[in-house]
Each structure stands twice: as structure tokens, then as C-alpha cells.
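# Tertiary structure, described
Here's the letter readout for the chains.
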Amino acid sequence: MTEDGRRRGRDESEEERADRMWGELIQEVRVAQTGVQILFGFLLTVAFQPAYAELAHGDRVIYIVTVVLGAGATGALIGPVSLHRLVSGRRVKPRAVRLASWMTFAGLALLLATMASALLLILRVALHDSSVPYLVSAVVAWYLVCWYGLPLWVRHRHTVRPDGRTAAPGPGGPGPG
């Protein structure tokens, strides 16, 4: 509410908000699901390639860890669909949205680990050199910036307080208006 008693933001009930948030969440999950399913499908074929038999023991371990992480990411990112199907019409959408959001976040974390692990394996096989950990670390750092750092910065920097000001006004940013 503002000082004059008006409500800030959308004028929607808890159910309307849950419906909107569910739609947004499903759109987000579609993007992540596509990526994880393509990656997981590719990973499943690797063990059936002739070159797999020539992999060093350490590389086979990395491969197995990568497949298990990919399976976990796939489960977490498909989970919201199953959740919706099983609870649809039960009047629990606000709780279902929170749980689906948690599953999506977990799925993204597992996808990050899967991609890092897959990149580690691919670069170890392709390069055979000591730069691999540095390259993987750089890519993981980039993912962390894009997937978590920037969104959390925006969330912190631009969240509106109850008094109508942004959470962290500063130079060049919006201040009390």
C-alpha cells in the first residue's frame, strides 16, 4: 500500500497471482527442459560409441557422474509438469507454484553441474592439457554470473520497498521518487 492507501503492483487475488506465476514458470521450464533433454539424450549415446571403450578410468567416472547429474536435472525440470497434472483442480495452486519453483531452481543447479561436468569430460578428451580446469572454471563462472549473479543483483537493486523506494538506491539508480 502507498501512503494514500492505494495498493502497489497488480491487483490480483492469491489464486490469480498463482495462475500468472504458474504460466510464467512453465514458460521458463520449457526453455530449460529443451536444453537438458538434448544434452541428456546426447550423453546417453556416448556409452554406445566405440571410443567409449578407450576412455581412461577417470574420464569414465566423469561421464557417469555427468549422466547421473543430467538425469537429476531432467527429473527436477520435468517435475513441475507431473506436479501440475497430479494436483490440478485440488485448489492448491499457490503451494504447487512454490514447490514447482523450488524444483525448477534445483533443476537449474543440476543442469549447471551437468554442463560443467560434460564440458570437463569433452575438454579433457579433446585437449589433453592442463588448461582444461581453467577453461571449465571460466565457463562455470560465466554461467554463475548469467544464471544467478545478474538476476540476484537486479532483485536486490530494484526490489520496491513498501514505502515505494527501491531497495538499494545509489548513483545512477532510481531513488525515492
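Everything below is about the structure printed above this text.
Model, not experiment: these values are computed from the prediction. (Residues numbered from 1 in each chain as written. Predicted model: local features only at pLDDT ≥ 70, side-chain atom pairs only at ≥ 80, totals over all residues. Heavy atoms only, no water.)

Along its length, the protein chain carries four helices and zero strands. Going residue by residue from the N terminus, the α and β elements of the protein chain occur as α-α-α-α. Burial statistics for the protein chain: of 177 residues in total, 29% are counted as buried. Long-range contacts, defined as pairs at least 24 residues apart, comprise 63% of the intrachain contacts of the protein chain with a sequence gap of at least 6. Here the protein chain has roughly 11700 Å² of accessible surface; of this, 64% comes from carbon and sulfur atoms. (Helix = DSSP H or I, 4+ residues; strand = E, 2+ residues; numbered from the N terminus. Buried < 20%, exposed > 50% of the residue type's maximum accessible area, 1.4 Å probe, protein only. Contact = heavy atoms within 4.5 Å. Areas by Shrake-Rupley, 256 points an atom, 1.4 Å probe, with all protein chains shown as cover.)

Its identity as a non-glycine residue notwithstanding, Arg91 has a phi of 60°, on the positive side. With respect to the helices, strands and loops of the structure, Arg91 is situated in the loop between α2 (57-87) and α3 (93-127). On the basis of relative accessibility, which here comes to 75%, the residue Arg91 falls in the exposed class. Even without being glycine, His128 reaches a positive phi, approximately 50°.

Here we take up a nonpolar patch on the surface. The grouping of Trp142, Val145 and Leu150 at the surface amounts to a nonpolar patch, some 320 Å² of accessible area in total. Along the chain, the position of Trp142 falls in helix α4 (residues 132-158). When its relative accessible area of 55% is taken as the criterion, Trp142 is described as exposed. (Patch = residues over 30% accessible without salt bridge, like charges linked within 9 Å, V, L, I, M, F, W, Y side chains within 5 Å. Salt bridge = Lys/Arg side-chain N within 4 Å of Asp/Glu carboxyl O.)

A separate point is the nonpolar core. Counting residues in hydrophobic clusters, the biggest one holds 16 residues, and the most contacted among them are Val36, Leu39, Leu43, Tyr52, Tyr63, Val67 and Leu111. For this core, the secondary-structure elements that each account for two or more residues are α1 (14-46), α2 and α3. Looking at this core element by element, the count peaks at six residues for α1. By size, the runner-up hydrophobic cluster in this structure holds ten residues, among which are Ile26, Leu83, Ala96 and Val97. (Core = buried A, V, L, I, M, F, W, Y, C linked by side-chain atoms within 4.5 Å.)

Okay, the environment of Leu99 next. Mapped onto the elements of the fold, Leu99 is located in helix α3. For Leu99, a relative accessible area of 41% gives the class partly exposed.

Packing of α1 against α3 brings their axes to within 9 Å, and their N-to-C directions diverge by 25°. Classified by the angle their axes make, α1 and α3 are roughly parallel. Taken as a pair, α1 and α3 cross one another with a handedness that is left-handed. When α1 is examined against α3, the residues Glu14, Glu15, Ala18, Asp19, Met21, Trp22, Leu25, Val29, Ala32, Val36, Leu39 and Leu43 are found in contact with a partner set consisting of Lys93, Pro94, Ala96, Val97, Ala100, Ser101, Thr104, Leu108, Leu111, Thr114, Met115 and Ala118. Across the contact of α1 with α3, the residue classes break down as 17 nonpolar, three polar and four charged. (Axes fitted to C-alpha atoms, helices over the stretch in contact; angles between N-to-C directions. Parallel < 35°, antiparallel > 145°, perpendicular 65-115°, else oblique. Left-handed = near helix turned anticlockwise from the far one by under 90°. Nonpolar A, V, L, I, M, F, W, Y, C, P; charged D, E, K, R; others polar.)

Running from amino to carboxyl end, α2 crosses α3 at an angle of 160°, the nearest separation of the two axes being 8 Å. By the angle between their directions, the pair α2 and α3 is classed as roughly antiparallel. Helix-helix and strand crossings are classified by hand; for α2 and α3 the assignment is left-handed. Tallied by class, residues from the contact of α2 with α3 come to 23 nonpolar, ten polar and three charged.

Let us look at α4. Between its first and last C-alpha, α4 extends 37 Å over 27 residues, near the 39 Å set by a 1.5 Å rise per residue. Taking the largest bend as the criterion, α4 deviates by roughly 40°, centred on Val145. Listing the buried residues of α4 in full gives Val132, Val136, Val140, Tyr143, Tyr148 and Arg157. At its buried positions, α4 is contacted by α3. (Expected span 1.5 Å × (residues − 1). Bend = angle between axes of the 7 residues up to and from the residue.)

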